[in-house]
Amino acid sequence: MKEIEAYLNAHIKMRNCADELCEERPDPLMVARSTMDQHHALTCALFAYGSAKAIVAFLSSLDSKWIEKDEEELRDALDGKYYRFQTNEDIVQWFRTLKALNDAGGAEKHFMCGYRQGGVLEGLSHLIRLLYDLNPYRSSGYEFLIGKPIESVSKASAMKRWMMYLRWMVRRDELDMGLWCGVDKGELIMPLDTHTFNVSRRLGLLQRKQCDMRAAFELTEALKKFDFNDPLKYDFALYRIGQEKILF
């Protein structure tokens, strides 16, 4: 494992720089960092599914100031806009929800309410429940975007987009924004997608064969052996290794 740790640390050193986020190597974080705003970053994280190029193209077409618009202005601004599973109405309603969240004190405030009671998973579930409470609108695309509160770790998906958002908000380096205070970065859970899942299994860091929440916990615990206080510092490196199909 020492060899694996050294390999990953070398990738962290190479990739923890502003140049890593560029048009040649697109990532939704590059759009999120353009405003350094927790709510625009949440939009960037939750729409981060599909090809990186398509994600960045869509996110770049959004304006963080749309959160301030009333419904009529919002519909005009978003006229004809959609993304994969999200219809135009889904996107309009998402920005209405985001405005309501901002008016209610913001994502950090409500995550922390749950986090103080039961850690990261409770903080995340508390925030997700609030998003649904703030807007009665429902559709398959809208609910896919937000996801579900975590009722059971054994039955939960990996919730990669949400875990990535928490990484952006809590950690601070040349990539992650570190906009929130009071969350222990050692308690964060790995954002597990197909790239990270496959490369982690290849490196012997993960044995579980299903890409779910239990696998995310297993990988997080494995990475704590390299850095107990900051296991998610390895996330971006693992993702890029898998994305770029680099062989170890």
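Before any of the text, the structure's been laid out above.
Residues numbered from 1 in each chain as written. Predicted model: local features only at pLDDT ≥ 70, side-chain atom pairs only at ≥ 80, totals over all residues. Heavy atoms only, no water.

Engineer: Please clarify how the overall build of the protein should be interpreted in this entry.
Structural biologist: From N to C terminus, the protein includes 12 helices and zero strands. Secondary structure elements of the protein, listed N to C terminal, follow the sequence α-α-α-α-α-α-α-α-α-α-α-α. By the compact-globule yardstick of 18 Å for 248 residues, the protein fits well, its C-alpha radius of gyration being 18 Å. Its C-alpha atoms give the protein principal-axis dimensions of about 55 × 40 × 30 Å. The burial tally for the protein puts 54% of its 248 residues in the buried class. Taking as baseline every contact in the protein between residues at least 6 positions apart, the subset at least 24 positions apart corresponds to 66%. When the accessible surface of the protein is totalled, it reaches about 11,600 Å², and 49% of it is carbon and sulfur. With 35 positive and 37 negative side-chain charges, the protein shows a spacing of 6 Å between the two charge centroids. (Helix = DSSP H or I, 4+ residues; strand = E, 2+ residues; numbered from the N terminus. Rg over C-alpha atoms; globule rule 2.2 N^0.38 Å. Buried < 20%, exposed > 50% of the residue type's maximum accessible area, 1.4 Å probe, protein only. Contact = heavy atoms within 4.5 Å. Areas by Shrake-Rupley, 256 points an atom, 1.4 Å probe, with all protein chains shown as cover. Lys, Arg positive; Asp, Glu negative; His and termini not counted. Charge placed at Lys NZ, Arg CZ, Asp CG, Glu CD.)

Engineer: Got a minute to help me understand the pattern of salt bridges in this structure?
Structural biologist: Charged atoms that come close allow side chains of opposite charge to pair. Within this structure, the stated rule accounts for 19 salt bridges. Between Lys2 and Glu5 there is a salt bridge, with its nearest N and O atoms 3.9 Å apart. Taken together, the positions of Lys2 and Glu5, both in helix 1 (residues 2–15) and three residues apart, correspond to about one turn of that helix. Looking at Lys2, the relative accessible area reads 68%, which means it is exposed. Through salt bridges with shared partners, one network takes in Arg167, Arg171, Asp173, Asp176, Lys185, Asp230 and Asp235. (Salt bridge = Lys/Arg side-chain N within 4 Å of Asp/Glu carboxyl O.)

Engineer: Got a minute to help me understand the nonpolar core in this structure?
Structural biologist: Grouped burial of nonpolar side chains is what soluble globular proteins tend to show. In this structure, Leu8, Trp94, Trp162, Tyr165 and Trp168 are the most contacted members of the largest nonpolar core, which totals 85 residues. At 12 residues, helix 7 (residues 107–134) tops the list of elements feeding residues into this core. Beyond its immediate chain neighbours, meaning those up to four positions away, Tyr165 contacts Gln38, Ala41, Leu42, Ala45, Ala107 and Trp180. (Core = buried A, V, L, I, M, F, W, Y, C linked by side-chain atoms within 4.5 Å.)

Engineer: Could you clarify how one ought to interpret a negative patch on the surface in this entry?
Structural biologist: A cluster of acidic residues, Asp70, Glu72, Glu73, Asp76 and Asp79, forms a negative patch on the protein surface. Mapped onto the elements, Asp76 comes out in helix 5 (residues 71–77). (Patch = residues over 30% accessible without salt bridge, like charges linked within 9 Å, V, L, I, M, F, W, Y side chains within 5 Å.)

Engineer: I would appreciate a short explanation of the side chain of His110 in the present structure.
Structural biologist: Positionally, His110 belongs in helix 7. In this structure His110 comes out as buried when scored by relative accessible area, which is 11%. Excluding its chain neighbours within four sequence positions, the residues that come into contact with His110 are Leu101, Ala104, Gly105, Gly123, His126, Leu127 and Leu130.

Engineer: Help me out: how do you make sense of helix 10 (residues 194–202) in this one?
Structural biologist: An α-helical turn contains 3.6 residues, so any two residues separated by three or four positions project in the same direction. Turning to helix 10, its buried residues number three or more, namely Thr196, Phe197, Val199 and Ser200. As for helix 10, its buried residues are in contact with helix 11 (213–224) and helix 12 (235–243). Its side-chain oxygen at 3.3 Å from the backbone nitrogen of His195, Asp193 defines the N-terminal cap of helix 10. Downstream of helix 10 by a residue or two, Gly204 has a phi angle that is positive, lying close to 80 degrees. (Polar contact = N/O pair within 3.5 Å; in protein donor to acceptor, adjacent residues only side chain to side chain.)

Engineer: Looking at this structure, I do not really get the environment of Tyr132. What am I missing?
Structural biologist: Examined against the element boundaries, Tyr132 turns out to sit in helix 7. Through-space distance from the C-alpha of Tyr132 to that of Glu143 is 8.9 Å; in sequence the pair is 11 residues apart. Leave out the neighbours within four places in its chain, and Tyr132 touches Arg138, Tyr142, Glu143, Ile146 and Gly147. At 3.5 Å, the side chain of Tyr132 and the backbone oxygen of Glu143 are in polar contact.

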